[in-house]
Amino acid sequence: MRMQHLIAFTYLTLIPSRRPTRYLLLFVQGFSTFLESTGKTTFSLTPSNVVAKLCFLIMRKAIRSGRVVIAAETQSMCAELEEFTGSPVTLFPHPIPAQDFPKITRSITSAPKFIDIVAPGLARYEKGSDLLQGAIYTILGDSHLRDLKFHIQWRKAFENRHGSIIELSPELASHPRVDNVARSLVGSDYYQFLNQADFVVLPYRKSSYHNRLSRVAIEAASMGIPFVYSKGTWMESLDSMTGAGISIERETQHDLVEAIRLAVLNLAELKRRAYESKEAVADYFSAARFRDSLPE
């Protein structure tokens, strides 16, 4: 839902309709700014926020009557939107069609030559790819972790918040225990890439993912794959659902390394929990559940 969409729907609610029409406004991102210094969010007095506030004020009568339903994909986003709009917000879990998941048989007991760690999704600052690169360096130099192999997707350099360019190190790109797929993956190619994981690593920054979900995390959990994630992000709720996650305490290279070590140490138990909870995750984020949540 972008600003132009919000303005358009506000206008539509003011136009008399020949037949009853209801609008579901689903927000995947809110109107807050995350303050890293305090770890909290605030609503800045920006022109776009002022316009959005006015739109929700105009639609308030339609919202109260049920003609307009405001919705969000996460509980934290619902709370944020309710605070911003002053209106009720309905939770609609992100739908992932069942046919998106291939019929994959994963072993939770076999002992492979390598422990395969997958970081799905193209490298970006908000996904903590710079932290991951540093963590991989550290782990490759650790003689106690020689059985770890990393699978990443680093297609091009990106900027960090200070404007510095972060590139994939040529040393890592050519390392025998680093497999870099330097392109976007879709369909069966994507699921084959994800399915090789003993666990996935998602060191996403809280500034971008404090209330924003990760489809990759949902897909991994639905396939019975454990995950390492950043504490304070939406993925905490997925961990509560599965018990198959290891949190990164702080957004540092050191804490990411320690979380990976902990995941390796507890891998058998994490795999068991992920396997046992995968059907519940797939059901919760199913298209059928989303459809059933739609107001009649």
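In this report, the structure presented in the accompanying data block is examined. If you're wondering where the values come from, they're calculated on a predicted model, not measured in any experiment.

**Some remarks on the pattern of salt bridges**
Throughout the structure, instances matching the rule amount to eleven salt bridges. Close ionic contact of D142 with R261 constitutes a salt bridge, the shortest N to O distance being 2.8 Å. Here D142 is found in the loop between α5 (129–140) and β7 (148–152), whereas its partner R261 is found in helix α11 (residues 253–265), with 119 residues between them in sequence. D142 gets classed as buried once you look at its relative accessible area, which sits at 13%. For R261, a relative accessible area of 29% puts it in the partly exposed group. A cluster of three or more residues bridged by salt bridges with shared partners is formed by E269, R272, R273 and E276.

**Thoughts on the sheet that holds β7**
Spatially, six strands are ordered β10-β7-β6-β11-β12-β13 in an open sheet, and the strand pairing comes out parallel. Bordering the open sheet on either side are β10 (178–180) and β13 (245–248), each of which pairs with just one other strand. Each neighbouring strand pair of the sheet contributes to a mean axis angle of 25 degrees, computed without reference to strand direction. Strands β6 (115–119), β7, β10 and β11 (199–202) of the sheet are contacted by α5, whose axis makes an angle of about 160 degrees with β7. Strand contacts of α11: β6, β7, β11, β12 (227–230) and β13, with the helix running at about 160 degrees to β13, the strand carrying the most contacts.

**Notes on the sheet that holds strand β4 (residues 68–72)**
Spatially, three strands are ordered β1-β4-β5 in an open sheet, and the strand pairing comes out parallel. Two strands lie at the open edges of the sheet, namely β1 (23–27) and β5 (90–91), each paired on one side alone. Strand direction decides the pairing type here: β1 and β4, joined by five bridges, are parallel. Residue F27 lies in a different strand from β4, and its bridge partner there is A72.

**Some remarks on helix α12 (residues 267–284)**
Compared with an ideal rise of 1.5 Å per residue, which puts 18 residues at 26 Å, α12 spans 24 Å between its outermost C-alpha atoms and is within 8% of the ideal. Approximately 45 degrees is the largest bend angle found in α12, and it occurs at S277. All of the buried residues along α12 are L267, L270, K271, A274, S277, K278 and V281. Buried positions along α12 lie against β6, β11, α9 (215–222), α10 (235–242), β13 and α11.

**Considering the nonpolar core**
One finds L148, F199, V228, L256 and I260 to be the most contacted residues of the largest nonpolar core, which totals 34 residues. Discounting residues that sit within four places of it in the chain, L256 has contacts with L131, L132, A135, V201, P203, V228 and I248. If you look at the next biggest cluster of nonpolar residues, it comprises 28 residues, including V181, Y204, Y209 and W234.

**Quick look at the packing of aromatic side chains**
Tallied over the entire structure, the rule returns 14 aromatic pairs. Geometrically, the ring pair formed by W154 and F158 is tilted, given 5.4 Å between the ring centres and 35 degrees between the ring planes. The exposure class assigned to W154 is buried, which follows from its relative accessible area of 7%. Residue classification places F158 among the buried positions, given a relative accessible area of 10%. Here the aromatic cluster, defined as three or more aromatic residues joined through ring pairs, consists of F27, F31, F43, F56 and F84. Note that R205 overlies the ring of Y125, its terminal NZ or CZ placed 3.8 Å from the centroid.

Reading guide: rules and limits
- Residues numbered from 1 in each chain as written.
- Predicted model: local features only at pLDDT ≥ 70, side-chain atom pairs only at ≥ 80, totals over all residues.
- Heavy atoms only, no water.
- Salt bridge = Lys/Arg side-chain N within 4 Å of Asp/Glu carboxyl O.
- Helix = DSSP H or I, 4+ residues; strand = E, 2+ residues; numbered from the N terminus.
- Buried < 20%, exposed > 50% of the residue type's maximum accessible area, 1.4 Å probe, protein only.
- Pairing = 2+ DSSP bridges.
- Axes fitted to C-alpha atoms, helices over the stretch in contact; angles between N-to-C directions.
- Contact = heavy atoms within 4.5 Å.
- Expected span 1.5 Å × (residues − 1).
- Bend = angle between axes of the 7 residues up to and from the residue.
- Core = buried A, V, L, I, M, F, W, Y, C linked by side-chain atoms within 4.5 Å.
- Phe/Tyr/Trp six-rings, centres within 6.5 Å; stacked < 30°, edge-to-face > 60°.
- Lys NZ or Arg CZ within 6 Å of the ring centre and 35° of its normal.

On their own, these measurements won't tell you what the molecule is for.
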